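Each chain, written out:
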Amino acid sequence: MARFHFNGRDQGGAAVEGLLDGADKGAIAAQLAGQGITPVRITEQAAERPAAKAGGLRLRRRKVSIDDLIFLSRQMYALLKAGVPILRAMAGLEETTRNERLVEVLGQVAEDLETGRTLSASLGRHPDVFSSLYVSIVQVGENTGQMDEAFLQMARYLEQEKDTRNRIRSAMRYPMVVIGAIVIAMVIINVVVIPAFARVFAGFQIELPWATKLLLGVSAFFVSYWPHMLVAAVVAVWWWRRYLRTEAGRRNWDRLKLRIPLVGDLILRATLARFARSFAISFRAGVPLVPALATVARAVDNLYVGEKITGMRNGIERGDSLTRTAAASGLFTTLILQMLSVGEETGSVDDMLFEAAEFYEREVDYDLKYLSDAIEPILIVAIGIMVLVLALGVFLPMWEITQVARN
């Protein structure tokens, strides 16, 4: 049992407040209704949330992850499917959620619901946690009376999104480890190894080959200016992160990502798969075409592609068909445009969009399997060139030193 403070209005309209003990806010609301009081605000009386939960696990104050949202969506689907009221469902999720930020948001959403706000409006007050797509689908669920199905659709969408992200990270892990090892090796060679050989070469009057001069020059630069290089790197990272916070910076970076060799085309298809799936979910849920495009433009997580989708929305508002505006955007392949055309003719755009999403996802999955195979030859060539220059720069002078010592 917990103690709750309530504010409400009695049957005469007078303001009343007080304290009541109950299992949750829903139970308190039921008690007040039995007493002829209309609750306006109910808050739990607690100095602070417990620092630990069952099993000694502490609440972690961190950003709400996609895993947290999947868990929330699945739980809301199960509770609403079972007929549990939304307020009681929110109270139960507050007790089981271990992300402190999400617990705080759920508490605020519950308070908004008690004041008469809809669930979608309450979720929309937390754009850092719930995307515009999430809020739109929940709103459609409210309007159609299918809230449980709305949360189920979002859970499946988020699970697919998580799977795609994990596959991309897995494919990029090996190349990033190799590149990191190359960078560390270059720093150690230039700061520790080459200076030791430079002292040996300085004791002999011999003509050094170009590879050795190159190594000695690079090493001398590293040794002399490493503090300046470190400061420059920190400033560059700080400037880059600040630049990405601006709209122009994010747009330029999102456009540049799509042009990176080997990876850019993969990122584009993953983004288009996200667009097709989220658009299909919105369209099937009953969101009108133009608002659905506006919502999806913010949900694709790429400002450059989002602007192209916004251009599609503007074209539809002018009276163009979905297929024509999609072709004008320059984002989609001929096969996808044909699928959209068939969808418009048969009235099954959502089905065709799901097919398009699965098509792009299969292509992304195939490319991810062979991404490491495509990058590996480039890394091998880079390592080979580095080893060759190092070998020529070190062993050719050693050969000359040996000849001088014999003479």
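Residues numbered from 1 in each chain as written. Predicted model: local features only at pLDDT ≥ 70, side-chain atom pairs only at ≥ 80, totals over all residues. Heavy atoms only, no water.

1. Remarks on the overall build of the protein
Consideration 1: Along its length, the protein carries 15 helices and three strands.
Consideration 2: On C-alpha atoms alone, the protein measures out to a radius of gyration of 30 Å, which is more than a quarter above the 22 Å that the 2.2 N^0.38 rule sets for 407 residues.
Consideration 3: Overall, the C-alpha framework of the protein stretches about 115 × 60 × 35 Å when taken along its three principal axes.
Consideration 4: Each of the 407 residues in the protein was classed as buried or not, and the buried ones make up 40%.
Consideration 5: Surface summary for the protein: the accessible area is close to 22,700 Å², and the carbon and sulfur share equals 59%.
Consideration 6: The distance from the centre of the 46 positive side-chain charges to the centre of the 43 negative ones in the protein is 5 Å. (Helix = DSSP H or I, 4+ residues; strand = E, 2+ residues; numbered from the N terminus. Rg over C-alpha atoms; globule rule 2.2 N^0.38 Å. Buried < 20%, exposed > 50% of the residue type's maximum accessible area, 1.4 Å probe, protein only. Areas by Shrake-Rupley, 256 points an atom, 1.4 Å probe, with all protein chains shown as cover. Lys, Arg positive; Asp, Glu negative; His and termini not counted. Charge placed at Lys NZ, Arg CZ, Asp CG, Glu CD.)

2. Some thoughts on the packing of helix α6 (residues 132-144) against helix α11 (residues 289-299)
Consideration 1: Relative to each other, α6 and α11 sit at 145°, their axes nearing to 8 Å. Residue-level inspection shows S132, L133 and S136 of α6 in contact with α11, the latter providing T295, R298 and A299.
Consideration 2: In the contact of α6 with α11, the residues fall into two nonpolar, three polar and one charged. (Axes fitted to C-alpha atoms, helices over the stretch in contact; angles between N-to-C directions. Contact = heavy atoms within 4.5 Å. Nonpolar A, V, L, I, M, F, W, Y, C, P; charged D, E, K, R; others polar.)

3. Some details on the environment of E44
Consideration 1: By secondary structure assignment, the location of E44 is in strand β3 (residues 38-44).
Consideration 2: A relative accessible area of 42% means that E44 is categorised as partly exposed.
Consideration 3: Residues E44 and G107 lie 63 residues apart in sequence; the distance between their C-alpha atoms is 9.9 Å.

4. Some points on helix α8 (residues 210-244)
Consideration 1: A rise of 1.5 Å per residue sets the reference length of α8, with its 35 residues, at 51 Å; its end C-alpha atoms lie only 41 Å apart and thus fall more than 12% short of the reference.
Consideration 2: Most pronounced at Y225, the bend in α8 amounts to some 75°, and the proline P227 follows within four residues.
Consideration 3: For α8, the set of buried residues is A211, T212, L215, S219 and F222. (Expected span 1.5 Å × (residues − 1). Bend = angle between axes of the 7 residues up to and from the residue.)

5. A word on the pattern of salt bridges
Consideration 1: Here the structure, examined in full by the defined rule, presents 15 salt bridges.
Consideration 2: Ionic pairing is found between D67 and K162, a salt bridge with its closest N-O pair at 3.6 Å. Separated by 95 residues along the polypeptide, D67 in helix α2 (residues 66-81) and K162 in helix α7 (residues 147-202) bring together distant segments of the chain.
Consideration 3: D112 serves as the salt-bridge partner of R117, at 3.3 Å between the closest nitrogen and oxygen. (Salt bridge = Lys/Arg side-chain N within 4 Å of Asp/Glu carboxyl O.)

6. Re a nonpolar patch on the surface
Consideration 1: A contiguous nonpolar surface patch, about 740 Å² in accessible area, is contributed by M176, I179, V183, I184, V187, I188, V191, V192 and V193.
Consideration 2: Mapping I179 onto the fold places it in helix α7.
Consideration 3: The class of I179 is partly exposed, set by a relative accessible area of 38%. (Patch = residues over 30% accessible without salt bridge, like charges linked within 9 Å, V, L, I, M, F, W, Y side chains within 5 Å.)

7. Considering the confidence of the model for the protein
Consideration 1: Model confidence for the protein is summarised by a mean pLDDT of 79, while 91% of its residues fall at 70 or above.
Consideration 2: The low-confidence segment residues 47-60 (pLDDT under 50) makes 23 contacts with residues lying over four places distant or belonging to another chain. (pLDDT = per-residue confidence, 0-100.)

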